[in-house]
Amino acid sequence: MGGISMEPMLQGRGLGKVFGAHQALAGVDIDLFPGEVHALLGENGAGKSTLIKILTGAYQPDSGAVVLEGAEVAFRDPLQAQAAGIGTVYQEVNLVPNLSVAENLYLGHQPMRWGMLNKRAMHDGAREILAGYGLEIDVRAELGSFSVAVQQIVAIARAVKLSGKVLVLDEPTASLDRAEVESLFEVIAKLKARGLAVVFITHFLDQVFAIADRVTVLRNGKLVSTQAISGLSRTDVVRMMLGKDVVFAHSPVTEIGASGPALAEFKGLGRKGSVAPFDLTLHQGEVVGVAGLLGSGRTEMARLMFGVDLADTGSISLGGPLTLRSPRQAVAAGMGFCPEDRKVDGIFGELSVRENIVIALQAKLGWFKALSRDEQDDIAGRFAEALDIRAADHNMPVKLLSGGNQQKVILARWMAIDPKLLILDEPTRGIDVGAHAEIVRTINRLREDGLALLVISSELDEVVAYSSRVVVMRDRAMVAELKGADIAPQVIVQAIAAQEAP
Amino acid sequence: MNRSLRPLAATAVIFILAYAAAAFQFPTLVSTRVLGNFLTDNAFLGITAVGMTFVILSGGIDLSVGAVIGFTGVFVAVMISWGGYHPAVAFAIALAVSAAFGAAMGAAIHWLKVPSFIVTLAGMFLARGAASVISADSIPINHEIYDWISQAYWKMPGGGRLSMIGGVMVLVFVLGALLAHRTRFGANVYALGGNAHSAELMGVPIGRTTILIYTLSSTLAGLSGIVFSLYTQAGYSLSAVGVELDAIGAVVIGGTLLTGGYGFVAGTFIGVMLMGLVQTYIIFDGTLSSWWTKIVIGVLLFMFILLQRLVFRAQAARA
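Residues numbered from 1 in each chain as written. Chains lettered and ligands numbered in written order. Predicted model: local features only at pLDDT ≥ 70, side-chain atom pairs only at ≥ 80, totals over all residues. Heavy atoms only, no water.

Per an unreviewed UniProt entry, the recorded name for chain B is Sugar ABC transporter permease YjfF, and the organism is Stagnihabitans tardus. Under the UniProt heading Subcellular location (unreviewed entry), the note attached to chain B is "Cell membrane". (UniProt positions renumbered as here; feature names shortened; annotations may be inferred.)

Given below as structure tokens:
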């Protein structure tokens, strides 16, 4: 951290960005100093990517300013930002796989001689550049023939070559193994020593503590805090990310307990590289909350349970033994799943509310028992009323509804098939804060109706409000199961943040 | 071996084997005389195929080239025979018109975000229709320059004649290869075919490159139309129907991946020669219907698509 006394290389001052009615970023300040690694943390929807896109010119801020080396700048696009010195490397490598390594490094800036590409100079230059990163490979070979880790380093080399002041790494380690992460960290350390400001986005706390000098935490589009890593514990960081103060009143829901008989049993269910084998039993009329940071394996767990991903170990019993090969079988067995990103995986935006509600029921009935229009209207009307879906008309496209109402349409869809077990992944994500309470109420009502629910959420106060048990995921494994008085935000935060077992 | 070289090598090997087999049966095939005819007879196809190579490398397709050849032939014939213009003037204007036509298609593909298939299909109808509107009949061209050019040749060792139009094709291939492999434009074309989104993030001027690619393809089709009119001494609106498909066939047989990003201009040359060889063989044989050419080319195409799949799947499995 030698350079902290200097001027900041890049500053964001009071940055704000609005998408439609949604305030994605509000009044965020950030300073990046030369020679520091600055970790940017936050759950999904916290505003990380919006902030990064503003700093790298992909978005223009609605309020606030970007200041590069003391001068205010307004980038039209990422290329301008790159030319000014701000380079970005994304999680999925944004290079061209069919060109050679050297061509990727030099695309658009190739050395020329007599109006033609000077391939020899290009190859020599590429070899020299990559040697600086400890990479000795055939630079004439196709980029696509190398591992993601190598491609990532080539992408970093290109960004540094073209920019050279600020390097933004957006989840660079997501698809790397441990050894590859190590060598990436060596590269980052070298760049830091050369005086670059490095912004590092990741979900892995271990990595933050291993490499970062300072952390900035965002939550719900607002700046929580920027602090030197040396003064922080893992618990502090998790608490900042989840927005929990330890002083938190305990809610009265624990009375429910495991009331009904066991409904579904998952034994040793696991998938290599996705989730370590876990045991979980769900009872009728109970809500099991799943807590954990993004990337902890919580979504992967739900996908295994619903048959989206195939488990390689373990067994399921749900009214008899069940082997899941596809979600269709899960639906047939009485399960429903509301995925995390409903825009991508859940809602058919162009279809009407009615069509969205009946689609799972129709699929379950098969193509030969088509529901008549009257039946459809009846079903849609009944569930829309039961779940209080506010749409002017059941024939309007779902995409015109608010986030909360869209979520309720998906819930209604699964309610229509009369499920026994419902899995909800982040049901309140991307919904106005006001509508959160309604979703929570709906979850409670479903529980009272005798359903078993598994609810994944980063909103700890909500998890605490409806769960009779909470399982905690960390590093792609189930690490704790909390009951009764242990269902409290501070206990959950501790469980999430606990040091990895050696 | 670099995986993009493998289909090229396969094409070369197949060409050599086919040529050897054909030569074994008809020893007279091995002469510069036959080679000279090869180049002359396939000149218009070869020139078109060079442009098509760029289009396919970038991940697109150009269905309008055959119609542009027909249009250019009629346009040039009308200007010379009816308008009395000097062929050089007619050529210059014809090339300018086809270049503008290609640029317009490229602009539509880029700015309207319409697939190249649809845009160039529309271009095909437009050009073919325009040619027929100008004249539905074949227009003969009688001009001393035409006689001179079509008779000009360079005598190769062995008595073969490299005609002017054969020479033009060879020159286009050489320049095309340089453009593809030795210029920034060429690198951009490959990048576009590899991953257009990444290419854009890396600063490749997507719009300009797309427009230039289709301009190049149409201009070469225009040149091909001129060559065709020199070859036939006439302009006819229904000439070169289906040449776009022959050109696509030659490009794919030459080892260029239809999805873009991989391939060589030299491969297209071998592809054109291989198609020419099949045709020549069938003429030499004398008993086979000329439609057998189509069947053999169909089989070859299918083989190459299969081969590319295998090569690239094997690579993907290893990576």
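From this point, the narrative continues.
> For this particular structure, what's the right way to read the overall build of chain B?
For chain B, the count of helices and strands is 14 helices and four strands. Judged by the C-alpha coordinates and their principal axes, chain B covers about 60 × 55 × 35 Å. If you take every contact in chain B between residues at least 6 apart in sequence, the share linking residues at least 24 apart comes to 80%. Element-wise, carbon and sulfur atoms account for 72% of the exposed surface of chain B, whose accessible area totals about 13800 Å². Counting 14 positive and 9 negative side-chain charges, chain B places the averaged centre of each group 18 Å from the other. (Helix = DSSP H or I, 4+ residues; strand = E, 2+ residues; numbered from the N terminus. Contact = heavy atoms within 4.5 Å. Areas by Shrake-Rupley, 256 points an atom, 1.4 Å probe, with all protein chains shown as cover. Lys, Arg positive; Asp, Glu negative; His and termini not counted. Charge placed at Lys NZ, Arg CZ, Asp CG, Glu CD.)

> Is there a simple way to explain the overall build of chain A in this structure?
A tally of helices and strands in chain A yields 17 helices and 22 strands. Computed over the C-alpha atoms, the radius of gyration of chain A is 25 Å, within 12% of the 23 Å expected from 2.2 N^0.38 for a compact globule of 502 residues. Projected onto the principal axes, the alpha-carbon positions of chain A cover approximately 75 × 55 × 45 Å. Expressed as a percentage of the 502 residues in chain A, the buried residues total 55%. Within chain A, counting contacts between residues at least 6 apart in sequence, those at least 24 apart form 68% of the total. As displayed, chain A offers around 20900 Å² of accessible surface, 52% of which is attributable to carbon and sulfur atoms. Averaged over its 50 positive side-chain charges, chain A has a centre that lies 3 Å from the centre of its 59 negative ones. (Rg over C-alpha atoms; globule rule 2.2 N^0.38 Å. Buried < 20%, exposed > 50% of the residue type's maximum accessible area, 1.4 Å probe, protein only.)

> Got a minute to help me understand the sheet that holds strand β11 (residues 214-219) of chain A in this structure?
To summarise the sheet geometry, strands pair through backbone hydrogen bonds and adopt either a parallel or an antiparallel arrangement. Residue and element names in this part refer to chain A. Pairing is mixed across the open sheet formed by six strands, whose spatial order is β6-β9-β10-β3-β11-β12. Edge strands, defined here as strands with exactly one partner in the open sheet, are β6 (86-89) and β12 (222-228). On average, each strand axis in the sheet is inclined to that of its neighbour by 20°, with strand direction left out of account. The pairing of strand β9 (residues 166-170) with strand β10 (residues 197-201) spans five bridges and is classified as parallel. Its bridge partner being in β10, Leu 169 is matched across the sheet by Phe 200. Helix α5 (residues 148-162) rests against β6 and β9 of the sheet, and its axis sits at about 170° to β6. Each of β3 (37-41), β11 and β12 is contacted by helix α8 (residues 234-242), which is oriented at about 30° to β11, the strand it contacts most. (Pairing = 2+ DSSP bridges. Axes fitted to C-alpha atoms, helices over the stretch in contact; angles between N-to-C directions.)

> Would you explain the packing of aromatic side chains in this entry?
The relative placement of two aromatic rings is captured by the distance of their centres and the angle of their planes. Taken as a whole, this structure holds twelve aromatic pairs over all chains when the rule is applied. Between Phe 54 of chain B and Phe 185 of chain B, the aromatic rings sit 6.1 Å apart at their centres with planes inclined by 25°, giving stacked as the arrangement. Here Phe 54 of chain B is found in helix α3 (residues 43-57), whereas its partner Phe 185 of chain B is found in helix α9 (residues 184-194), with 131 residues between them in sequence. For the pair formed by Phe 54 of chain B and Phe 185 of chain B, the shared burial category is buried. Through successive ring pairs, a cluster of aromatic residues spans Phe 306, Phe 337 and Trp 414 of chain A. It is Arg 161 of chain B that lies over the ring of Tyr 153 of chain B; its NZ or CZ is 4.4 Å from the centre. (Phe/Tyr/Trp six-rings, centres within 6.5 Å; stacked < 30°, edge-to-face > 60°. Lys NZ or Arg CZ within 6 Å of the ring centre and 35° of its normal.)

> Sorry, what's going on with the packing of α3 of chain B against helix α8 (residues 164-182) of chain B here?
Geometrically, a packed helix pair is captured by the angle between its two axes and the distance between the axes. Residues and elements named next belong to chain B. In the contact formed by α3 and α8, the axes pass within 8 Å of each other and the chain directions differ by 10°. The angle between α3 and α8 falls in the class roughly parallel. Relative to α8, α3 is oriented so that their crossing is left-handed. Residue-level inspection shows Ala 43, Gly 46, Ile 47, Val 50 and Phe 54 of α3 in contact with α8, the latter providing Ile 165, Gly 166, Val 168, Met 169, Val 172, Phe 173, Gly 176, Leu 179 and Ala 180. Its residues placed into classes, the contact of α3 with α8 shows eleven nonpolar, three polar and no charged. (Parallel < 35°, antiparallel > 145°, perpendicular 65-115°, else oblique. Left-handed = near helix turned anticlockwise from the far one by under 90°. Nonpolar A, V, L, I, M, F, W, Y, C, P; charged D, E, K, R; others polar.)

> What is the right way to read the domain arrangement of chain A from this model?
Accessible area lost upon the coming together of the parts is a frequently used measure of interface size. All names here are of chain A. Domain annotation for chain A reports domain 1 (10-242), domain 2 (248-334 + 419-502) and domain 3 (347-417). If you average the C-alpha positions of domain 1 and of domain 2, the two centres end up 34 Å apart. Residue-level contacts link 14 residues of domain 1 with 16 residues of domain 2. A combined buried area of about 1400 Å² lies between domain 1 and domain 2, and 55% of that area is made up of carbon and sulfur atoms. Scanning the region where domain 1 abuts domain 2 turns up zero salt bridges. (Domains from an automatic or database assignment. Buried area = accessible area lost by both parts, 1.4 Å probe. Salt bridge = Lys/Arg side-chain N within 4 Å of Asp/Glu carboxyl O.)

> What's the story with the nonpolar core in this structure? I'm lost.
Note that soluble globular proteins tend to have their nonpolar side chains buried in a common cluster. Core analysis: the biggest nonpolar cluster contains 230 residues, and Ile 156, Phe 266, Leu 280, Met 305 and Met 335 of chain A have the highest contact counts within it. At twelve residues, helix α4 (residues 65-82) of chain B tops the list of elements feeding residues into this core. The contacts of Met 335 of chain A, once residues within four sequence positions are left out, are Phe 266, Met 305, Phe 306, Leu 318, Leu 322, Leu 324, Ala 330, Trp 414, Ile 417, Pro 419, Leu 421 and Ile 423 of chain A. Within the second largest apolar cluster, 24 residues are counted, among which are Met 9, Leu 40, Val 66 and Ala 81 of chain A. (Core = buried A, V, L, I, M, F, W, Y, C linked by side-chain atoms within 4.5 Å.)

> In this structure, what is going on with the pattern of salt bridges? I would like to understand it.
For side chains of opposite charge, pairing can occur when their charged atoms come near one another. Going through the model one piece at a time under the given rule, you end up with 20 salt bridges over all chains. Between Asp 77 of chain A and Arg 76 of chain A there is a salt bridge; the shortest N-O distance is 3.7 Å. A residue is classified by how much of its surface remains accessible, and Arg 76 of chain A, at 60% relative accessible area, is exposed. For Asp 246 of chain B, the salt bridge is made with Lys 294 of chain B, and the minimal N-O distance between the two is 3.8 Å. Separated by 48 residues along the polypeptide, Asp 246 of chain B in helix α12 (residues 243-253) and Lys 294 of chain B in helix α14 (residues 292-318) bring together distant segments of the chain.

> Even after reading the chapter, I still don't get helix α17 (residues 489-497) of chain A, so can you show me in this structure?
The α-helix winds at 3.6 residues per turn, so residues separated by three or four positions along the chain end up facing the same way. Restricting attention to buried positions, one finds in α17 of chain A the residues Pro 489, Ile 492, Val 493, Ala 495, Ile 496 and Ala 497 of chain A. For α17 of chain A, the secondary structure elements touched by its buried residues are α8, β15 (286-291), α16 (460-466), β21 (469-474) and β22 (477-483) of chain A.

> Hey, could you run me through the interface of chain A and chain B in this one?
Across the contact, 23 residues belong to chain A and 25 residues belong to chain B. Both sides of the chain A and chain B interface together cover about 2000 Å² of buried area, and 57% of this is carbon and sulfur. Across the contact surface, chain A and chain B share zero salt bridges. Seen at the junction of chain A and chain B, the total is nine residue pairs in polar contact (both at pLDDT 80 or more). Taken together, the residues of the side of chain A that touches chain B sort by class into eleven nonpolar, eight polar and four charged. (Polar contact = N/O pair within 3.5 Å; in protein donor to acceptor, adjacent residues only side chain to side chain.)

> Please clarify how the confidence of the model for chain A should be interpreted in this entry.
When pLDDT is averaged along chain A, the result is 83; 92% of the residues meet or exceed 70. Considering only residues more than four positions removed or in separate chains, one finds that residues 246-254 of chain A, a stretch of pLDDT under 50, has 15 contacts. (pLDDT = per-residue confidence, 0-100.)

> What is the right way to read the pairing of β15 of chain A from this model?
Consecutive residues of a regular strand have side chains that alternate between opposite faces of the sheet. Residues and elements named next belong to chain A. Burial analysis of β15 places six of its six residues in the buried class, the great majority of the element. On β15, burial covers both faces: Glu 286, Val 288 and Val 290 on one face and Val 287, Gly 289 and Ala 291 on the other are all buried. In this structure, β15 lies alongside strand β20 (residues 452-456), joined through five bridges in parallel fashion. Its bridge partner being in β20, Gly 289 is matched across the sheet by Val 455. Direction of pairing for β15 relative to β21: parallel, over a ladder of four bridges. What sits directly across from Ala 291, in β21, is Val 472.

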